[in-house]
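# Examining the three-dimensional arrangement
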Number of protein chains: 2
Amino acid sequence: MMHRNKVRAQSELTPVQSENAKAPKRRRLSPALRREQIVEGASAYFAEAGLDGTTRDLSARLGITQSLLYAYFNTKGELIEAVYNRLYLDRISPEWPELIRDRTRPLGGRLHQFYTEYAAAIFSYEWMRIFMFSGLAGADLNRRYLEHLSTLILRPILIEIETAARSPHRPVLEDIWDLHGGIVYIGIRKFVYRMAAPDDYEPIIRCTLNRFLHYYGIEPVSPPGN
Amino acid sequence: MMHRNKVRAQSELTPVQSENAKAPKRRRLSPALRREQIVEGASAYFAEAGLDGTTRDLSARLGITQSLLYAYFNTKGELIEAVYNRLYLDRISPEWPELIRDRTRPLGGRLHQFYTEYAAAIFSYEWMRIFMFSGLAGADLNRRYLEHLSTLILRPILIEIETAARSPHRPVLEDIWDLHGGIVYIGIRKFVYRMAAPDDYEPIIRCTLNRFLHYYGIEPVSPPGN
DNA sequence: ACCCTTATTGATCATTTGTTCATTAAGCTG
DNA sequence: CAGCTTAATGAACAAATGATCAATAAGGGT
């Protein structure tokens with residue numbers, strides 16, 4: 001005998017408390033809304049538990065029954081696919097390639113803005129961990145995302161550095177991956193390994209960028225007060 | 001006639017023995033040997049399937065029964081623990097801190113040797129993936145490993161850079177993490193995201209190091225032919 | 001207020017998976 | 001060879017898990 005009424009008993013004790021209690025009564029939402037709520041909750045849950053997390057745990061966290069998930073997704077895989085879409089969709093801002101190529105501004109400032117915004121975009125518990133989980137699971141989405149990133153962001157950066165370089169050194173794409181990896185690794189340390197990491201990413205991003213630019217004889221990023 | 005048993009056991013591994021050699025005869029190994037074989041197989045298997053891989057799949061791959069696993073490990077968790085030990089144990093060579101601090105040699109050469117050896121040590125399918133899986137699972141081992149690395153390797157590198165620096169710039173530990181992360185990210189791209197990566201890590205490691213050293217006014221690494 | 005559509009539930013099924021244990025046989029010793 | 005220790009097997013159990021479906025009730029339309 002399983003005592004599944006645990007959640008129910010909990011919710012009955014707190015009928016309409018707004019804190020963390022869920023309504024004991026059955027709530028009927030519009031399909032669009034419910035679906036949105038499920039995908040959002042699934043993102044948070046799978047980021048924590050991994051893609052092997054169970055549909056029962058997820059539904060319990062959402063305050064709905066497990067079978068309801070199957071009214072919106074034919075299979076658990078479909079649900080995970082929806083999580084992928086929500087997470088990856090438009091994660092690469094279409095403005096970034098323009099920003100990087102905008103030669104009316106100093107290259108340092110462009111890269112600084114890009115990496116500050118990029119860090120803000122991906123340095124989240126959900127994104128970092130689900131990206132890693134799906135990468136390990138062999139999801140093709142990861143490779144596609146990174147190919148996309150390489151084409152739209154890293155190659156333009158490479159070209160801009162080559163163009164702006166005033167030292168004898170010239171970078172190859174692998175050098176841009178090194179720049180990128182050094183910054184992304186901050187997020188990996190924080191969200192995958194759960195190590196202490198700086199609250200503000202700006203100083204280390206700026207320093208990393210300056211070190212990179214310096215090698216190619218490009219002027220450093222202006223201090224943030226600029 | 002003579003050493004029939006032994007020969008038989010050996011030739012048992014070769015598939016084309018008799019017509020329907022499908023039924024694998026039960027092989028009786030010494031506990032130490034069998035345990036070693038299991039842990040090795042488990043490392044390979046869990047690296048591929050993740051720590052949620054099943055004991056049944058593992059035993060099938062090892063060519064033994066699933067229940068035999070429990071003759072050597074009381075629980076699946078214990079088996080995974082054994083995999084951790086096999087993988088992490090002595091992964092940080094005790095000679096590296098000495099190497100890094102050996103001021104009779106140029107700093108660039110020391111760091112180059114260290115990172116070449118370090119890459120050779122951890123850039124393997126098994127290490128990279130299991131480290132990532134266990135990190136995501138929240139295994140304390142990861143944090144301990146990285147703390148260890150920070151204390152024994154990164155801090156000494158920081159001190160050596162500070163000491164050797166001839167430019168106005170001075171690094172903080174986070175800068176060393178950036179250097180480290182940029183290099184480690186090569187392995188992450190290759191083994192987690194399964195992207196194309198250079199076969200020989202030496203050139204990019206050298207270039208990354210030189211870029212780093214250049215910022216602090218430290219002489220570059222000598223070319224490999226030196 | 002009363003339908004009536006359908007979002008939601010509860011029960012249930014079929015597998016999967018970790019774990020246990022009595023039984024079997026491999027291979028060393030006398 | 002015979003006997004004996006114990007490595008190894010095969011069958012089984014309990015809990016967990018993905019998935020299904022008839023029954024229920026929430027809440028909008030009239």
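Refer to the structure presented above.
Computed from a prediction, not measured in an experiment: that's the story for all the values here.

### What about the overall build of chain A?
Broken down by element type, chain A carries eleven helices and zero strands. Traced from its N-terminal end to its C-terminal end, chain A shows the element sequence α-α-α-α-α-α-α-α-α-α-α. The buried share among the 226 residues of chain A stands at 47%. In chain A, once contacts between residues fewer than 6 apart in sequence are set aside, the share between residues at least 24 apart is 65%. In the form shown here, chain A has an accessible surface area of approximately 11,900 Å², with 51% of it arising from carbon and sulfur atoms.

### A look at the interface of chain A and chain B
Facing 38 residues of chain A, the contacting portion of chain B comprises 38 residues. Across the interface of chain A and chain B, roughly 3,800 Å² is buried in total on both sides, 65% from carbon and sulfur atoms. By the criterion of area lost to chain B, the three top residues of chain A are Leu136, Tyr193 and Arg211 of chain A, representing 21% of everything that side buries. The salt bridge partner of Asp175 of chain B is Arg211 of chain A, with a shortest N-O separation of 2.8 Å. Secondary structure elements with two or more residues in the side of chain A that touches chain B: helix 8 (125-136), helix 9 (140-164), helix 10 (173-192) and helix 11 (202-215) of chain A. Counting residues per element, the side of chain A that touches chain B draws most heavily on helix 10 of chain A, at 14 residues. Split into classes, the residues belonging to the side of chain A that touches chain B amount to 20 nonpolar, eight polar and ten charged.

### A look at the packing of aromatic side chains
Inspection of every chain in the model, using the stated rule, returns 36 aromatic pairs over all chains. Both rings, one in Trp96 of chain A and one in Phe114 of chain A, keep their centres 5.2 Å apart while their planes meet at 85°; by these two values the pair is edge-to-face. Taken together, the positions of Trp96 of chain A in helix 6 (residues 95-101) and Phe114 of chain A in helix 7 (residues 107-122) put the pair 18 residues apart, joining distant regions of the chain. Grouping residues by exposure puts Trp96 of chain A and Phe114 of chain A together as buried. Feature note: the residues Tyr84, Tyr88, Trp127, Phe131 and Tyr145 of chain A together with Tyr193 of chain B constitute an aromatic cluster, connected by ring pairs.

### Description of the protein's contact with DNA strand D
The environment of DNA strand D is made up of 25 residues, and the closest members are Arg28 of chain A together with Leu29, Arg34, Ser67 and Tyr72 of chain B. Interatomic distance of 2.8 Å between a side-chain N/O atom of Tyr70 of chain A and a phosphate oxygen of DNA strand D. In the model, a base nitrogen of DNA strand D is placed 3.4 Å from a nitrogen or oxygen of the Arg56 of chain B side chain. Mapped onto the surface near DNA strand D, the elements with two or more residues apiece are helix 3 (55-62) and helix 4 (66-72) of chain A together with helix 2 (31-49) and helix 4 (66-72) of chain B. For the surface near DNA strand D, the residue count by class is seven nonpolar, nine polar and nine charged.

### Things to note about the relation of the copies chain A and chain B
In screw terms, the move from chain A to chain B is a rotation of 180° and a rise of 0.0 Å along the axis, fitting with an RMSD of 0.1 Å. Expressed as an axis order, the relation between the two copies is that of a two-fold axis. The position closest to the rotation axis in chain A is occupied by the C-alpha of Gly182 of chain A, lying 2.0 Å away. Looking at chain A, 100% of its interface residues are interface residues in chain B too, so the copies touch through the same face.

### What about the nonpolar core?
Phe46, Ile161 and Ile188 of chain A together with Phe46 and Ile188 of chain B are the most contacted members of the largest nonpolar core, which has 145 residues in total. The residues contacting Phe46 of chain A, other than those within four sequence positions of it, are Leu51, Gly53, Leu58, Lys76, Leu79, Ile80, Val83, Ile130 and Phe133 of chain A.

### Notes on the packing of helix 7 (residues 107-122) of chain B against helix 11 (residues 202-215) of chain B
Residues and elements named next belong to chain B. Between helix 7 and helix 11, whose axes approach to 10 Å, the crossing angle comes to 140°. If you check the angle between helix 7 and helix 11, you find them oblique. As helix 7 runs across helix 11, the sense of the crossing is right-handed. Between helix 7, through Gly108, Leu111, His112, Tyr115, Thr116 and Ala119, and helix 11, the contact on the second element is made entirely by Glu202, Ile205, Arg206, Leu209 and Leu213. For the contact of helix 7 with helix 11, a count of residues per class yields six nonpolar, three polar and two charged.

### So, empty space enclosed by the protein
In this structure the tally under the stated criterion is six cavities of 30 Å³ or more. Quantified by volume, the largest cavity comes out at close to 120 Å³. Considering the residues around the largest cavity, the lining is formed by Asp178, Leu179, Gly182, Thr208, Arg211 and Phe212 of chain A together with Asp178, Leu179, Gly182, Thr208, Arg211 and Phe212 of chain B. Counting residues per element, the ones that place at least two in the lining of the largest cavity are helix 10 and helix 11 of chain A together with helix 10 (173-192) and helix 11 of chain B.

### With respect to helix 5 (residues 76-88) of chain A
Residue and element names in this part refer to chain A. Taking 1.5 Å per residue, 13 residues should reach 18 Å; helix 5 reaches 18 Å between its end C-alpha atoms and fits that length. For helix 5, every residue scored as buried is listed here: Leu79, Ile80, Ala82, Val83, Tyr84, Leu87 and Tyr88. Contact partners of the buried residues in helix 5: helix 2 (31-49), helix 3, helix 8 and helix 9. Two residues or fewer after helix 5 comes Asp90, characterised by a positive phi angle close to 55°.

Conventions used here
Residues numbered from 1 in each chain as written. Chains lettered and ligands numbered in written order. Predicted model: local features only at pLDDT ≥ 70, side-chain atom pairs only at ≥ 80, totals over all residues. Heavy atoms only, no water. Helix = DSSP H or I, 4+ residues; strand = E, 2+ residues; numbered from the N terminus. Buried < 20%, exposed > 50% of the residue type's maximum accessible area, 1.4 Å probe, protein only. Contact = heavy atoms within 4.5 Å. Areas by Shrake-Rupley, 256 points an atom, 1.4 Å probe, with all protein chains shown as cover. Buried area = accessible area lost by both parts, 1.4 Å probe. Salt bridge = Lys/Arg side-chain N within 4 Å of Asp/Glu carboxyl O. Nonpolar A, V, L, I, M, F, W, Y, C, P; charged D, E, K, R; others polar. Phe/Tyr/Trp six-rings, centres within 6.5 Å; stacked < 30°, edge-to-face > 60°. Near = heavy atom within 4 Å. Polar contact = N/O pair within 3.5 Å; in protein donor to acceptor, adjacent residues only side chain to side chain. Least-squares fit on C-alpha atoms with pLDDT ≥ 70 in both. Core = buried A, V, L, I, M, F, W, Y, C linked by side-chain atoms within 4.5 Å. Axes fitted to C-alpha atoms, helices over the stretch in contact; angles between N-to-C directions. Parallel < 35°, antiparallel > 145°, perpendicular 65-115°, else oblique. Left-handed = near helix turned anticlockwise from the far one by under 90°. 1 Å grid on protein atoms, 1.4 Å probe; cavity = no way out; pocket = protein on both sides within 12 Å on 5 of 7 lines; lining within 4 Å. Points joined across faces, edges and corners; volume = space filled by probe spheres on them. Expected span 1.5 Å × (residues − 1).

Just geometry here; none of it tells us what the structure is for.
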